[in-house]
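Topology and contacts: notes
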Amino acid sequence: MKFKNKVVIITGATSGIGEACAMAFGQEGAQVVITGRSQVKLDNTLSKLQGAGIACHGVLADAASEADNQRMAEETLKKYGKIDVLINNAGISMRALFQDLDLKVFKQVMDVNLWGTVYATKYCLDQITANQGSIVAISSINGYRGTPARTAYTASKFAMNGFMESLRTELLKKNVHVLLACPGFTASNIRNNALQADGKPQGASPRDEGKMMTAEEVALEIVKATYKRKREIVLTGQGKLAVFLNKWIPGIMDKVVYNEMAKEKDSPFK
C-alpha cells in the first residue's frame, strides 16, 4: 500500500489515463479525489472506484476555470483534511493545420492543458509543500518534439514541461517532488475528442489504438514513479527513441515525423 492514507487529486479523471490513475492510486491505499466536466461520467467513475473499495470523492469542475480549481482544493480539504499528491491530468488535443485553425481552438487547448495545470498547482501548492508531497504533470512526447497538425497541443505540452522544470527548481530545498510524466501514444479517448480546425471533435481516432500502450499500463508507471519520486519518465520505446533522436538529429527528425504523421487516416497534409 504505497500511498496508504495519502490524499491524491486527479484532474480530468472520468476516462483514459486519469481514470486509470484513480484506480491505481486507490488500490495502493490512497483517498482519491477526481474531477470531470460531466456529472454522469463523474458518477460512473466514482461507482467503479467505490466498487473496488476505494475511498473517493468527485468534484464537478472544468480544468480551464480558475474558480473551479480553487473549489476543488477547498472541497478536498473539507473532505479529507489535506492534500498530498496532485496529478495534473486534464487535457485536450487538436488536429488541424495551423493555417486553417480557428485561434479560439488554440486558446481552448492552452486553457485546459497549461492553465489547468497552473491553476490546480497554485491552489494545492501550500498543502503539498507542507506535506512534502508530489506534483505530477501528465505531459507528452509532444513536450519534447512537435508534430504537424498539432501545434496548439504541442505548444501546451512544451509550456507544461517548462513550468514543471522551473517549479521543481524553486521547490528544490523544500523536499517537494515534481514529476513530469510523458507517455507516448496511449490508447484513450483523447484522439476521439481532439478538436478540428473549427473546434468540433473529430469523433474517431486516426491511429490504430490496439497497438498502443494502455491507460492502465501508463497509470502503473506513474504510480511507481511517484512513489520513487522520480524527476521524469518517458514512456514507450517509440517515445524514448523520438526524444533521443530529436536531441541529436533534429533536421532528420523533421522529415521522419512529417512522414510518420502523414500516414494517419484523413491526414490534413501529405
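Residues numbered from 1 in each chain as written. Predicted model: local features only at pLDDT ≥ 70, side-chain atom pairs only at ≥ 80, totals over all residues. Heavy atoms only, no water.

Under the annotation held in an unreviewed UniProt entry, the protein carries the name Short-chain dehydrogenase and is attributed to Belliella buryatensis.

All right, on to the overall build of the protein then. Counting its regular elements, the protein contains 8 helices and 9 strands. Over its C-alpha atoms the protein spans a radius of gyration of 18 Å, differing by no more than 12% from the 18 Å that the globule rule assigns to 270 residues. Across the 270 residues that make up the protein, the buried fraction comes to 51%. Intrachain contacts of the protein at a sequence separation of at least 6 include 71% that bridge at least 24 residues. For the protein, the accessible area works out to roughly 12,800 Å², and carbon and sulfur atoms hold 53% of it. Placing the 35 positive and 26 negative side-chain charges of the protein at their respective mean positions leaves the two points 5 Å apart. (Helix = DSSP H or I, 4+ residues; strand = E, 2+ residues; numbered from the N terminus. Rg over C-alpha atoms; globule rule 2.2 N^0.38 Å. Buried < 20%, exposed > 50% of the residue type's maximum accessible area, 1.4 Å probe, protein only. Contact = heavy atoms within 4.5 Å. Areas by Shrake-Rupley, 256 points an atom, 1.4 Å probe, with all protein chains shown as cover. Lys, Arg positive; Asp, Glu negative; His and termini not counted. Charge placed at Lys NZ, Arg CZ, Asp CG, Glu CD.)

Turning our eyes to something else, we now look at the nonpolar core. Of all hydrophobic cores here, the largest spans 34 residues; its most connected members are I9, C124, I128, I135 and L171. Once residues lying within four places of it in the same chain are set aside, the contact partners of I128 are I83, D84, V85, L86, G133, S134, I135 and V176. The next biggest cluster of nonpolar side chains, apart from the first, holds 33 residues, and it includes C56, V85, I138 and A225. (Core = buried A, V, L, I, M, F, W, Y, C linked by side-chain atoms within 4.5 Å.)

In this approach, a probe sized like a water molecule rolls over the atoms, and the result shows the empty space that is left. Under the definition given, this model contains 1 cavity of 30 Å³ or more. Estimates place the volume of the largest cavity at around 30 Å³. In terms of lining residues, the largest cavity is bounded by T11, T35, A61, D62, A63, D68, N69 and M72. If one sorts the elements of the lining of the largest cavity by residue count, helix 3 (residues 66-80) sits on top with 3 residues. Taken together, the residues of the lining of the largest cavity break down into 3 nonpolar, 3 polar and 2 charged. (1 Å grid on protein atoms, 1.4 Å probe; cavity = no way out; pocket = protein on both sides within 12 Å on 5 of 7 lines; lining within 4 Å. Points joined across faces, edges and corners; volume = space filled by probe spheres on them. Nonpolar A, V, L, I, M, F, W, Y, C, P; charged D, E, K, R; others polar.)

For any pair of aromatic rings, the description consists of the separation of the ring centres together with the inter-plane angle of the planes. Evaluation of the coordinates by the stated rule reveals 4 aromatic pairs. Centre to centre, the rings of F98 and F106 are 6.1 Å apart; their planes meet at 80 degrees, and the pair counts as edge-to-face. According to the relative accessible area criterion, F98 is partly exposed, its value standing at 48%. Ring geometry for W115 and Y119: centres 5.5 Å apart, planes at 35 degrees, overall tilted. A residue pair is termed a helical-turn pair when its members lie 3 or 4 positions apart in one helix, as W115 and Y119 do in helix 4 (residues 103-130) at 4 residues. Looking at Y119, the relative accessible area reads 18%, which means it is buried. A connected cluster of aromatic rings, assembled from ring pairs, spans F3, F25 and Y227. The ring centre of Y227 lies 5.7 Å from the NZ or CZ of K2, which sits over that ring. (Phe/Tyr/Trp six-rings, centres within 6.5 Å; stacked < 30°, edge-to-face > 60°. Lys NZ or Arg CZ within 6 Å of the ring centre and 35° of its normal.)

We now examine helix 4. With 28 residues, helix 4 ought to run about 40 Å at 1.5 Å a step, and its terminal C-alpha atoms sit 40 Å apart, in line with that. Within helix 4, the axis deviates most sharply at C124, by approximately 50 degrees. Backbone geometry just after helix 4 places Q132 at a positive phi near 50 degrees. (Expected span 1.5 Å × (residues − 1). Bend = angle between axes of the 7 residues up to and from the residue.)

As a further point, take unusual backbone geometry. Residues other than glycine seldom take positive phi values, yet N175 does so here, at roughly 60 degrees. Counting through the fold element by element, N175 comes out in the loop between helix 5 (151-170) and strand 6 (177-182). For N175, a relative accessible area of 42% puts it in the partly exposed group. For R229, which is not glycine, the phi dihedral falls at a positive 55 degrees.

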